[in-house]
Every structure is written in structure tokens, then in C-alpha cells.
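Inside the fold
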Amino acid sequence: MSNEKDPTMPLQFVYSNQDFVADVHWNSGNRHGIASPPAKFDTTIQAGWTDRMNRGLFRYHLGDLQTRILPGPYGYVAQLNIERGIERRKPQEILSIQQDFNGKQFNFNKINPEEIIIEMIKDVEGGIEKGPLHEDCRMVVLVNVSPLEFGHCLLVPDPSRCFPQVMTSFAIQAGIEAVLLSCDPGFRVGFNSLGAFASVNHLHLHGYYLDHELKIESVPVKPLVPGKSFYRLLDFPAGFLFYTESETVEKVAEAICQVTDFLVDGNIAHNLFLTRGCPPCDRTQNKKDQCSRKGVRIAVWPRTSCFGAKEESAFNVALCELAGHLPFKNKKDYEVISEKDVIDIIQRYLLPESEFNTVQQQLTHHLMAL
């Protein structure tokens, strides 16, 4: 519903669990691989985003991006996006994973209000869902004015509360629910912690559409704490995986937050990537199971911290690069880079194997004890 009395008020997108789309799968030869009609969430986000693009609210016009799939088993999706590298706002100086919010720096209370597409508000039995402080939980969705792909938006939990860039259970739950509201398997959500290429210290997640399958959607996993839907990815890059379908979102969101809290307390930078994916399995699945996207996979990668570090010339290693989507900043690297080159770059930002194994052991004990 919209507030017609005040055109400056954002559209309220009220949803419930009944709006989640269960039957999602990739269809070859059908762009976005989705069934008709599209979900209300997708039409609302895409129409709002396109409207802002047409009105010139972005730093550059994003057309169809030049894209190639790198040869090799990982199927990296490389895209050339030179303007994002040039035109995006300069990232804030980050000195700590636990850095306090600073209202004097750029934050999402300082944006042009016309950049806001919707406010996501969850309607539960008995009324609008309340937050831990008994305030309405609202997720503001605004365009990313330096987009990396079609529909690139930012999901900001109640901007006026000025949360720093540290994951909360509400933020991760709303992020998962956004994926479940979409009937497009190419809609992804992600999070960069401070020290993991977050450019603004004001709590936000990224959401965007990528019309390509990624290996992370079906890669085999090893169970660690199945009761918490906690697994280890069995392939590069080393990380952890959670999985949920619509009935267990809140429980899994709490477990994810227990992991991210542990990482923040240990000053370990991390990236998250949320995508439609196959149920967890310890082997490569058959073609039919591989196409099913009933639930959501949430990958969590602990990694080395980057504070004021020199940026890579080809691409920065953050949420989408770890998941297999590579937005390139220059044409030469885009054209000549190989899968081995990509792996070598990403490897520099991952924890050493012994350190990763220690974190895995600690997290497993931590989740089992809770």
C-alpha cells in the first residue's frame, strides 16, 4: 500500500510468510529461469529501480554489461563494469571491525529521499512484527547509485537507529526473506563486514539480480552442526554454509548471527552471500536436484582484514567475488584473466588453512554449546 497524501513517503511493502515463493528453479533458455507471473516483490523492486535510473539518480547509466564465463570448473562469471570503479563514492576509512557509527561521515540518513524504493514491513499473525525493543521492524530498500548489476539496491534496517556495519538477527532474517519473496533464482543478497570491503559503516546489505547460475548454489558441503543447519563448504573458497527453507528462517537467522557475533568478537572480517540453492548434500547432485531452488543458501566466509589496504587492479575480493561473480574495473584484466589468476587473487584474502580450521573448530563448539 502507498501513502497518497505525501509523495515523499516511501512505498510500504507489507508481506507475510504466505508471500514466500517455494517453487523456484533454473530453466535453461528462459531468461531469469522464472515462472510467470513474476512475484510482487520483483516487479516492485525492478520498476522502482528502473524508474530511478531513468530519472538520473545514479552516478552512471548501467546498460547490459559485457559478460563472459571463465573457462574452468568454477564457472566464474566475469563482468566489465569500468564506471563503477571510477564513479563510486570513495570508501570510508575503516580502522576496526568493531568501529562505532559516526554520524558526521556519509550514512544512509543523508541520501536523497527519492533513492528509497520501498520500506519492507513484515505482517505477522497479530500485527506488524516488532523488533527486540518493541519497535516496528522496517527494512528500507534504496537504490545503490553505483550499481554493479541490474536492480542493485541496499537493504538498510531502520536507518534512523544508526546501527554500525555489524550483522543483526533482524537484518539477516529480512535478507533471507527478501530472497524468498523473489521468484527469480538470480536475485542475490550479500553483506560485507568492516575490514571486508564494506565502504560505509552504517548497517546495510546488498541485493541485486544476476542472470547466471553460480557454483555456490549447488557445491557439496560437510555437516558440522546439522541441528543449526551449519556446514562447511567442500570446495574453494574455504567457508561455511547455512541452509533454510521458509519454515526455519528465524531459527537459522539466529544461528548465522551467533556465527557473525563470534567473528566480530574475534576481530575476524567476513563476507556473506545469500542465494537460492540446493539443499545441503555431501556430493554432487543429479541434474533434477541441481535445478531445484526451494530454499536459501547462506555462505559465510571468514577472511583476512583489509584496513586501508591497496585495492586490487582487477577486482576487490568481497561478497560477490567470493561467490563467483567478478565485476572488473578495467578491460585488460577482464579480457585476459584466467581462472587460476582469479583463485590466486582470492587466496590472498582468505585465512591460512590452519587458522581457518581453528575458527571452524571454535565455531562448531560454540554453536553446539548454545
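Bear in mind the structure is a predicted one, so any value in this text is a computation, not a measurement. (Residues numbered from 1 in each chain as written. Predicted model: local features only at pLDDT ≥ 70, side-chain atom pairs only at ≥ 80, totals over all residues. Heavy atoms only, no water.)

1. Regarding the overall build of the chain
- Each helix and strand counted, the chain has 9 helices and 15 strands in total.
- Every one of the 370 residues in the chain was classed for burial, and the buried ones make up 54%.
- Of the roughly 16,300 Å² of accessible surface on the chain, 51% is carried by carbon and sulfur atoms. (Helix = DSSP H or I, 4+ residues; strand = E, 2+ residues; numbered from the N terminus. Buried < 20%, exposed > 50% of the residue type's maximum accessible area, 1.4 Å probe, protein only. Areas by Shrake-Rupley, 256 points an atom, 1.4 Å probe, with all protein chains shown as cover.)

2. A short note on the pairing of strand S10 (residues 221–225)
- As paired elements, S10 and strand S11 (residues 230–233) share 4 bridges and run antiparallel to each other. Bridge pairing links Pro 223 to Tyr 231 in S11.
- Counted between consecutive antiparallel strands, the loop separating S10 from S11 contains 4 residues, among which Ser 229 sits at a positive phi close to 55 degrees. (Pairing = 2+ DSSP bridges.)

3. Quick notes on the environment of Val 252
- The residue Val 252 is located in helix H4 (residues 249–265) in this model.
- A relative accessible area of 2% means that Val 252 is categorised as buried.
- Note: C-alpha distance between Val 252 and Gly 227 (25 residues apart in sequence) is 9.6 Å.
- In contact with Val 252, not counting residues within four places along its chain, are Ser 229, Phe 242, Tyr 243 and Thr 244. (Contact = heavy atoms within 4.5 Å.)

4. Quick word on the pattern of salt bridges
- Here the structure, examined in full by the defined rule, presents 13 salt bridges.
- Note that Arg 55 and Asp 51 form a salt bridge whose closest N and O atoms lie 2.5 Å from each other.
- The partly exposed category is assigned to Asp 51, whose relative accessible area is 29%.
- Between Asp 235 and Lys 215 there is a salt bridge; the shortest N-O distance is 2.9 Å. Separated by 20 residues along the polypeptide, Asp 235 in the loop between S11 and strand S12 (240–244) and Lys 215 in the loop between strand S9 (205–209) and S10 bring together distant segments of the chain.
- A relative accessible area of 26% means that Asp 235 is categorised as partly exposed.
- The structure contains a network of salt bridges with shared partners spanning Asp 51, Arg 52, Arg 55 and Glu 114. (Salt bridge = Lys/Arg side-chain N within 4 Å of Asp/Glu carboxyl O.)

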